[in-house]
Amino acid sequence: MNYWDYIKVEELLRLQSGLRSDDSEVNNDETLFIVVHQIYELWFKLVIRELDQACSLFDQKPVPDMALAQATKSFRRISTIFDQAISHFAVMETLSTRDYLGFRDSLIGASGFQSAQLREIEIILGLDEGQRISLGVEGSYKDALKAMDGSSSPALARVQRRLTQKASLRTLIYRWLARTPVADGSPIEFLERFLDGHAQEVEARIISVSEKMQLPEADLELWRARYQRDFANTRKFLLAEDDSTLEGFTKEERIHVRAALVFLESYRDLPRLAWPREALDALLEMEQKMIIWRQRHARMVERVIGRRTGTGGSAGVDYLDQTALRYRVFGDVWAVRTVLLKRESVPTIANADDFRFRIQDE
Ligand code: HEM
């Protein structure tokens with residue numbers, strides 16, 4: 001065996017010709033453009049494999065501790081991939097607006113919007129179809145994946161195959177959380193005690209504002225109203241009385257998901273919570289990196305083409321900024337950050353021993 005046969009170097013190096021029959025006819029700017037996109041598609045391929053594996057791991061009942069460790073590793077690997085991929089945009093930015101305009105018109109109709117693998121990633125993660133931002137010209141992102149004559153394409157087939165998959169990572173993770181045992185009593189009882197801690201924090205905060213800031217009564221009233229509104233929102237969120245829905249989950253299960261998240265985050269020091277907590281941290285970090293990737297892509301695009309219409313026909317930077325702002329999959333994992341308490345306010349739990357490691361007596 002040798003390196004070039006294993007890596008398929010010659011085959012790989014023949015793939016950068018774009019619209020020409022030979023890459024000697026493509027200038028360096030366009031070659032850079034093609035290479036960076038190709039590298040991305042390879043990174044996306046790895047991301048999809050890791051996500052598929054994570055889905056299989058979470059698709060077990062119960063999810064074994066070792067599966068959590070493995071899934072955490074996958075999420076961390078994906079985060080690292082996105083970190084590296086984000087840095088490729090700096091190479092892309094060595095392309096000036098004028099360099100890009102030199103070949104851009106020949107690409108009209110083609111766009112990263114047609115990256116079937118990015119759509120696969122979104123589908124595996126569990127992005128709500130209703131949440132998608134329309135491109136403006138096509139009926140849906142699937143229409144953009146059709147061939148020029150309106151027939152199907154390998155890209156569309158790839159996405160359609162994905163849409164038939166059993167459950168997204170989001171569903172699997174939320175199902176797992178809905179089964180996670182929480183502290184003594186039912187999830188609602190646990191949350192009610194947690195909310196008592198909130199009420200005390202709110203009271204203490206209002207007193208502290210009034211003592212430290214010496215505000216006129218009208219301003220103090222504004223602060224008080226804001227804290228009380230926060231408290232009301234916290235209650236709504238934790239008891240699943242907010243507007244958010246989770247397809248396939250009952251209200252009771254949504255409450256359990258939120259109780260489990262609060263529990264895992266609030267009692268981080270309990271040893272048996274270590275892997276679930278690590279897995280959630282890694283999951284959140286992975287989504288954070290994807291959001292940063294979207295934001296970074298938008299800034300790169302703004303630098304290279306300004307705010308003109310994209311080759312795919314979207315509003316360009318405005319469309320991309322919207323995706324960065326609105327495409328969130330693990331909303332509850334993010335939202336729980338808003339409602340966590342400081343260590344002293346977290347209620348003590350009677351069954352803490354159930355979540356410690358036990359060393360058997362000789
Ligand atoms: C000079 C370089 C680039 C420019 C000017 C550019 C521009 C754009 C624009 C305007 C869009 C919005 C859709 C449209 O109307 O076309 C878009 C989408 C997209 N681009 Fe780029 N892009 C560049 C490089 C890249 C690179 C290197 C990648 C790497 C994968 C990439 C991946 C994507 C993806 C995946 C989308 C779809 C995003 C979504 O729908 O959420 N782009 N790009």
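Residues numbered from 1 in each chain as written. Predicted model: local features only at pLDDT ≥ 70, side-chain atom pairs only at ≥ 80, totals over all residues. Heavy atoms only, no water.

Asks: Mind showing me how you'd approach the coordination of the iron atom of the ligand here?
Replies: Six octahedrally arranged donors around a metal ideally form angles of 90 or 180 degrees; four tetrahedrally arranged donors ideally form angles of 109.5 degrees. One donor from the polypeptide reaches the iron atom of the ligand: His-297 (NE2), at 2.2 Å. Position of His-297 relative to the elements: it lies in helix H12 (residues 274-305). (Donors = N, O, S within 2.8 Å, 3.2 Å for Na, K, Ca; no water. Helix = DSSP H or I, 4+ residues; strand = E, 2+ residues; numbered from the N terminus.)

Asks: Even after reading the chapter, I still don't get the side chain of Asn-351, so can you show me in this structure?
Replies: Inspection of the secondary structure assignment puts Asn-351 in the segment after helix H14 (331-339). Dropping the residues within four chain positions of it, Asn-351 is found in contact with Val-182, Ala-183 and Asp-184. (Contact = heavy atoms within 4.5 Å.)

Asks: Mind showing me how you'd approach the site of the ligand here?
Replies: Inspection of the region around the ligand gives 29 residues, with Ser-111, Arg-119, His-297, Ser-314 and Tyr-319 positioned closest. Take His-37: an N or O atom from its side chain is 3.4 Å from a nitrogen atom of the ligand. One of the side-chain nitrogen or oxygen atoms of Tyr-319 is found 2.5 Å away from an oxygen atom of the ligand. For the shell around the ligand, the secondary-structure elements that each account for two or more residues are helix H3 (28-58), helix H4 (65-92), helix H6 (116-125), H12 and helix H13 (317-326). The element contributing the most residues to the shell around the ligand is H12, with 7 residues. Residue composition of the shell around the ligand, by class: 16 nonpolar, 11 polar and 2 charged. (Near = heavy atom within 4 Å. Polar contact = N/O pair within 3.5 Å; in protein donor to acceptor, adjacent residues only side chain to side chain. Nonpolar A, V, L, I, M, F, W, Y, C, P; charged D, E, K, R; others polar.)

Asks: Explanation requested: the nonpolar core in the structure shown.
Replies: The tendency in soluble globular proteins is for nonpolar side chains to be buried side by side. Counting residues in each nonpolar core, the largest one holds 100 residues, and the members touching the most others are Phe-58, Phe-75, Leu-169 and Leu-177. In terms of residue count, the dominant contributor to this core is H12 (13 residues). Residues lining this core come from more than one domain, with at least three contributed by each of domain 1 (9-180 + 267-329) and domain 2 (184-266 + 333-362). Those residues within four positions of Phe-75 in sequence are excluded, and the remaining contacts are Ala-54, Phe-58, Leu-169, Ile-173, Ala-279, Ala-282, Leu-283 and Met-286. Listed in part, the 5 residues of the second largest apolar core include Val-202, Ile-206, Val-209 and Tyr-227. (Core = buried A, V, L, I, M, F, W, Y, C linked by side-chain atoms within 4.5 Å. Buried < 20%, exposed > 50% of the residue type's maximum accessible area, 1.4 Å probe, protein only. Domains from an automatic or database assignment.)

Asks: Please clarify how the environment of Val-329 should be interpreted in this entry.
Replies: Mapped onto the secondary structure, Val-329 falls in the loop between H13 and H14. We classify Val-329 as buried; its relative accessible area is 5%. Between the alpha carbons of Val-329 and Ile-188 there is a distance of 25 Å; along the sequence they are 141 residues apart. Not counting the four nearest positions on each side in its chain, Val-329 is found in contact with Leu-125, Gly-126, Leu-127, Arg-170, Tyr-174 and Glu-287.

Asks: Just checking my understanding: could you explain the packing of H3 against helix H5 (residues 97-104) for this structure?
Replies: Each pair of packed helices can be described by the angle between their axes along with the distance between the axes. The interhelical angle for the contact between H3 and H5, taken along N-to-C directions, is 85°, at an axis separation of 9 Å. One way to sum up the angle between H3 and H5 is to call them roughly perpendicular. Facing Asp-29, Glu-30 and Phe-33 of H3, the residues of H5 in contact are Asp-99, Tyr-100 and Phe-103. (Axes fitted to C-alpha atoms, helices over the stretch in contact; angles between N-to-C directions. Parallel < 35°, antiparallel > 145°, perpendicular 65-115°, else oblique.)

Asks: Where do I start with the side chain of Thr-311 in this structure?
Replies: By the element assignment, Thr-311 lies in the loop between H12 and H13. Those residues in contact with Thr-311, other than ones at most four positions away along the chain, are Tyr-100, Arg-104, Leu-107, Ile-108, Gly-109, Ala-110 and Ser-111.

Asks: Help me understand the pattern of salt bridges, please; the structure alone is not making it clear to me.
Replies: Once the charged atoms of two side chains with opposite charge are near each other, the side chains can pair. Taken as a whole and assessed by the stated rule, the structure comprises 34 salt bridges. Here Arg-296 makes a salt bridge to Glu-93, at a shortest N to O gap of 2.9 Å. With Arg-296 in helix H12 and Glu-93 in the loop between H4 and H5, this residue pair connects regions lying 203 residues apart in the sequence. Among the salt bridges present, the one from Arg-258 reaches Asp-242, with a minimum N-O distance of 3.1 Å. Of this pair, Arg-258 sits in helix H11 (residues 251-266) while Asp-242 is found in the loop between helix H10 (217-238) and H11, placing the two residues 16 residues apart along the sequence. Assessed through its relative accessible area of 1%, Arg-258 is described here as buried. Owing to a relative accessible area of 21%, Asp-242 belongs among the partly exposed residues under this scheme. Taken together, the salt bridges that share partners define one network made up of Arg-119, Glu-122, Glu-129, Arg-132 and Arg-294. (Salt bridge = Lys/Arg side-chain N within 4 Å of Asp/Glu carboxyl O.)

Asks: Whenever I open this one, the packing of aromatic side chains confuses me. Can you help?
Replies: The relation between two aromatic rings is expressed through the spacing of the ring centres and the mutual angle of the planes. The tally for this structure, following the rule as stated, stands at 17 aromatic pairs. For the pair Phe-190 and Phe-263, a centre-to-centre distance of 5.9 Å together with 90° between the ring planes defines the contact as edge-to-face. Of this pair, Phe-190 sits in helix H9 (residues 187-213) while Phe-263 sits in helix H11; the two residues are 73 residues apart in sequence, bridging distant segments of the chain. Each of the two residues, Phe-190 as well as Phe-263, counts as buried. Ring pairs connect the aromatic residues Tyr-40, Phe-44, Phe-82, Phe-89 and Trp-293, which therefore count as one cluster. Geometry around Phe-113 places Arg-119 over its ring, the cationic atom sitting 4.6 Å from the centre. In this arrangement the basic side chain of Arg-205 is found over the ring face of Tyr-227, its NZ or CZ atom lying 5.7 Å from the centre. (Phe/Tyr/Trp six-rings, centres within 6.5 Å; stacked < 30°, edge-to-face > 60°. Lys NZ or Arg CZ within 6 Å of the ring centre and 35° of its normal.)

Asks: For this particular structure, what's the right way to read the domain arrangement of the protein?
Replies: You'll often see interface size given as the accessible area lost when the parts meet. In terms of domain boundaries, the protein breaks down into domain 1 (9-180 + 267-329) and domain 2 (184-266 + 333-362). Spacing between the C-alpha centres of domain 1 and domain 2 amounts to 34 Å. Between domain 1 and domain 2, the residue contacts involve 25 residues of the former and 24 residues of the latter. Carbon and sulfur atoms supply 68% of the area that domain 1 and domain 2 bury against each other, a total of about 2,500 Å² over both sides. (Buried area = accessible area lost by both parts, 1.4 Å probe.)

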